[in-house]
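Fold and contact review
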Amino acid sequence: MRLFAVLLLLPLLLPASAAAEENGARAFAPCRACHSLDPAERNLPGPNLSGVIGRAVGGAAEFDYSPVLRKARDEGLRWDAKRLEAFLADPAAMFPGLWMSMRGIEDAAERQALVKFIEDPSSR
């Protein structure tokens, strides 16, 4: 019973940043099947996401993007936190014809935690 009480209170005992970091890491776990945040890791099914904030959409030179993402790159679109969060809500709606099969993250808090985790290397 004590353990259960401690587990319930744990979010209150952890600093908010630690809880957000944990939520971001948890939200990124399914992404690891195709993506990495380690700048040295290559040859994955999806592009490396290290430094994605500020990068052109479809802008990792070593990755073969779907035509819709190459078009976005050619139009000058860049990833920022707001665009990434909107993308994570519904990738196919933002970029119809996208080769990525992720359906999207409905929970806004989870998306925000994931964006912060991706955006801030010090959180990993």
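These notes cover the structure that comes with them. What you are looking at is a predicted structure, and each value in this text was computed from that prediction instead of being measured.

Remarks on the overall build of the protein chain
When helices and strands are tallied, the protein chain shows six helices and zero strands. In the protein chain, which comprises 124 residues, the proportion classed as buried is 31%. Considering only contacts in the protein chain between residues 6 or more positions apart, those separated by 24 or more positions represent 38%. If you sum the accessible surface of the protein chain, you get close to 7900 Å²; carbon and sulfur atoms cover 59% of it.

Comments concerning helix 4 (residues 81-89)
Those residues of helix 4 that fall on the buried side of the exposure criterion are Leu-84, Phe-87 and Leu-88. Seen along its axis, helix 4 keeps its buried residues to an arc of 95°; they face one direction. Looking at the buried positions of helix 4, the neighbouring elements they touch are helix 5 (91-94) and helix 6 (108-119). The distance from a side-chain oxygen at the start of helix 4 to the backbone nitrogen of Lys-82 is 3.2 Å, and the residue carrying that oxygen is Asp-80.

Quick notes on the nonpolar core
Residues Phe-28, Phe-95 and Leu-114 are the most contacted members of the largest nonpolar core, which totals 23 residues. Of all elements in the fold, only helix 2 (16-28), helix 3 (67-74), helix 4 and helix 6 reach the threshold of two or more residues within this core. A total of four residues in this core trace back to one element, the largest contributor, which is helix 6.

Some thoughts on the environment of Gly-59
Examined against the element boundaries, Gly-59 turns out to sit in the loop between helix 2 and helix 3. Leave out the neighbours within four places in its chain, and Gly-59 touches Tyr-65 and Arg-73.

Here's the deal with helix 3
Residues of helix 3 that are buried include every one of Val-68, Leu-69 and Ala-72, and no others. Angularly, the buried residues of helix 3 cover 95° about the axis, an arc narrow enough to put them on a single face. Across from the buried face of helix 3, at angles greater than 90 degrees, the exposed residues are Lys-71 and Asp-74. Once helix 3 finishes, Gly-76 follows within two positions and takes phi at roughly 85°, a positive value.

A word on the layout of surface pockets
Empty pockets left among the atoms are what a rolling probe the size of a water molecule brings to light. Here the largest pocket is characterised by a volume of approximately 720 Å³. Surrounding the largest pocket, 34 residues form its lining, Cys-34, His-35, Phe-87, Met-100 and Met-102 being those nearest its centre. Of all the elements in the fold, those that place two or more residues in the lining of the largest pocket are helix 4 and helix 6. Top element by residues in the lining of the largest pocket is helix 4. It accounts for three residues. Grouping the amino acids of the lining of the largest pocket by side-chain chemistry returns 24 nonpolar, seven polar and three charged.

Description of the packing of aromatic side chains
In the structure shown here, the tally under the stated rule is five aromatic pairs. A ring pair is formed by Trp-79 and Phe-95, whose centres lie 6.2 Å apart and whose planes are at 75°; its orientation type is edge-to-face. Of this pair, Trp-79 sits in the loop between helix 3 and helix 4 while Phe-95 sits in the loop between helix 5 and helix 6, and the two are 16 residues apart along the sequence. For the pair Trp-79 and Phe-95, one class covers both residues: buried. By way of ring pairs, the aromatic residues Trp-79, Phe-87 and Phe-95 are connected into one cluster.

What counts as what
Residues numbered from 1 in each chain as written. Predicted model: local features only at pLDDT ≥ 70, side-chain atom pairs only at ≥ 80, totals over all residues. Heavy atoms only, no water. Helix = DSSP H or I, 4+ residues; strand = E, 2+ residues; numbered from the N terminus. Buried < 20%, exposed > 50% of the residue type's maximum accessible area, 1.4 Å probe, protein only. Contact = heavy atoms within 4.5 Å. Areas by Shrake-Rupley, 256 points an atom, 1.4 Å probe, with all protein chains shown as cover. Arc of directions from axis to C-beta. Polar contact = N/O pair within 3.5 Å; in protein donor to acceptor, adjacent residues only side chain to side chain. Core = buried A, V, L, I, M, F, W, Y, C linked by side-chain atoms within 4.5 Å. 1 Å grid on protein atoms, 1.4 Å probe; cavity = no way out; pocket = protein on both sides within 12 Å on 5 of 7 lines; lining within 4 Å. Points joined across faces, edges and corners; volume = space filled by probe spheres on them. Nonpolar A, V, L, I, M, F, W, Y, C, P; charged D, E, K, R; others polar. Phe/Tyr/Trp six-rings, centres within 6.5 Å; stacked < 30°, edge-to-face > 60°.

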